[in-house]
Amino acid sequence: MNSSSQSVELLFNFLSRSYTTLETNFFKIPGSAVVARYVKSSHQNDPGRTLLEVILIIFAIRTLLQSRTRGDRSGKHFITFDEKEIDELVDEWTPEPLAQPLTPEEQADLDSVPVIVGPTGPKPKLSTGKTVINLASYNFTGLAGSEDIKAAAIETLRKYGLGSCGPPGFYGTQDVHIQLEQDIADFLGTEAAILYSQGFSTISSVIPAFCKRGDVIVADRGVNFAIQKGLQISRCTVRWYDHNDMDSLEHVLESVEKERKKRRGPLTRRFIVTEGIFDHDGAISDLPKLVELKKKFKYRLILDESVSFGSVGRTGRGLTELYNVPASEVDMLVGSVANGLSSCGGFCAGSHIVVNHQRINGTSFVFSAAMPALLTVAASEGINILRNTPSILTTLQENVRAVRAILDRVDCINIPSHPASAVIHLQIRWPTLQLPAPSTSSPSKVSNPLSVKPRDPPQFNVELEEKLLQDIVDEVLAQGVMLTRAKRLRGQELIEVRPSIRLAISAALSRKDCEKAASVIKTAFVKVIGKRR
């Protein structure tokens, strides 16, 4: 009996020592105290839950350790095919298409695109052999084809080679990139600037670099597709105000603050996002009012000047110069090097904090190869030309006024663009094409800021208007003037934009050329629309 008790005692001593050793080693593992505390509290509150969790753990371990295939290794249940049957099955298989075939309208749209032979410019030569007046390219200041820029680019190509071969944050940054960033910052009057190698991805990277889930963005309903993608990527709480309507913006800002106080929410980062000149219709934002509201309600302002930079202002500095507003009043000033300086890429200008943050968190900056050195130098030369030759912008505005003087008087043309905008949108004004205009909104009936759709959206026939506008483009091209319809991603953009023809006025054209082109456009509109009356 004594020997039996001693054996049991030795067994318990062994188990006790083993448990103590296991417990000591377990608590050496990082995070083990949290697990032990969770198991202890869970067992005290619900012992049955502990048993269930142990069973689940055992089941998970068994699943991981067992064979992933249950097939019969003997192969007696597998169907065997000879070579002839395999070939027949392969011949019968038809893969799914990667994309749907083009519709007749889409194919006709592709076929109608003119092809330029040689360098682009104010008067390029087409593959048909015809030389045309170019009102389709964003060559506002006429820098495309500049001999000074061409010479500097050739010299840079010989010195630096063609590509950067790497992202800016790794090994793609060269001294010419640093110089262009400094040139842009000095030109706009900001502390610093950062370069992006692709224009479209600039604003769609800037927004999510600063705006995260839980932050609030108040955006214009008419913002371009790149901004829409940036808003989508950021996953912020987005509130919308009516297109270029400062009263609607103020109402939305007030409603956001009331909503926060009502639910006693914490203060979060808040942004106003809009464009300088809207790509969809050529309207210009009221920058002084935007600055006033962002200060009043404590917001940061992200202004996309992809169209306005290099096209408005005494020397092309954009809206800040046009309205005489210091660039420091805009927290993030985004622009296009491709549009404004006839090069490629984009930039974001602001404080040192804003710029340095993007060098770590701007996805397009971190993961995309840097701009080629020759295009970087071309942009720097373009800034020098704009700074030293303000008459370019004077000529541009004179050409804009010359075109507007002719087209504003045409009954069948509606122009929503601002008189100072070098991008002019031409819409069809014909009562049978557009449904009756909605009644004037009363102060008590405002658009829902939670929805991107306005309260009374304009009604138009997209398919019919695009067909008529393409007929006008073809008619004008036959007369020696190259235009383009404003292309949209129908079904992908948040709101349907009314079809239009987009004119891009250039300072490289003479006043006579602009007046001739405007007269041709006027005649084509009257001819095509007249057939539909």
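Each value, and the rule that gives it
- Residues numbered from 1 in each chain as written.
- Predicted model: local features only at pLDDT ≥ 70, side-chain atom pairs only at ≥ 80, totals over all residues.
- Heavy atoms only, no water.
- Salt bridge = Lys/Arg side-chain N within 4 Å of Asp/Glu carboxyl O.
- Helix = DSSP H or I, 4+ residues; strand = E, 2+ residues; numbered from the N terminus.
- Buried < 20%, exposed > 50% of the residue type's maximum accessible area, 1.4 Å probe, protein only.
- 1 Å grid on protein atoms, 1.4 Å probe; cavity = no way out; pocket = protein on both sides within 12 Å on 5 of 7 lines; lining within 4 Å.
- Points joined across faces, edges and corners; volume = space filled by probe spheres on them.
- Pairing = 2+ DSSP bridges.
- Contact = heavy atoms within 4.5 Å.
- Axes fitted to C-alpha atoms, helices over the stretch in contact; angles between N-to-C directions.

Enquirer: If you had to explain the pattern of salt bridges to someone new, which residues and values would you point to?
Expert: Within this structure, the stated rule accounts for 24 salt bridges. We note a salt bridge from D242 to R221, for which the minimum N-O separation is 2.8 Å. Linking D242 in the loop between strand 6 (237-241) and helix 11 (246-262) with R221 in the loop between strand 5 (216-220) and helix 10 (225-234), this pair joins segments that are 21 residues apart in sequence. Using a relative accessible area of 4% as the deciding quantity, one classes R221 as buried. Of the charged contacts, one joins R317 and E321 as a salt bridge, the two residues approaching to 3.4 Å between their closest N and O atoms. When salt bridges that share partners are traced, they join D109, E466, R485, K487, R490 and E496 into one network.

Enquirer: Can you break down the environment of E92 residue by residue, with the values?
Expert: Turning to its location among the elements, E92 is positioned in helix 4 (residues 83-92). Looking at E92, the relative accessible area reads 61%, which means it is exposed. In the structure, E92 is positioned 222 residues away from R314 in sequence and 68 Å away in space, judged by C-alpha atoms.

Enquirer: Describe the layout of surface pockets, with residues and values.
Expert: Of the pockets and cavities examined, the second largest pocket occupies roughly 770 Å³. If you trace the second largest pocket, you find 20 residues lining it, with E105, E106, D109, E466 and R485 closest to the centre. Listed by contribution, the elements that provide at least two residues to the lining of the second largest pocket are helix 5 (104-111) and helix 19 (462-478).

Enquirer: Can you break down the sheet that holds strand 11 (residues 413-414) residue by residue, with the values?
Expert: Ordered in space as 11-12-15-14, the 4 strands form an open sheet in which the pairing is antiparallel. Of all strands in the sheet, those with a lone pairing partner are strand 11 and strand 14 (484-485), marking the two edges. Here strand 14 runs beside strand 15 (residues 501-504); their pairing, made up of 2 bridges, is antiparallel. Considered in strand 15, the bridge of R485 is made with I501. Along the sheet, helix 18 (residues 391-407) makes contact with strand 11, strand 12 (423-428) and strand 15, crossing strand 12 at roughly 10°. Where helix 20 (residues 511-532) meets the sheet, it contacts strand 11, strand 12 and strand 15, and its direction lies at approximately 20° from that of strand 12.

Function cannot be read off these values alone, since they describe shape.
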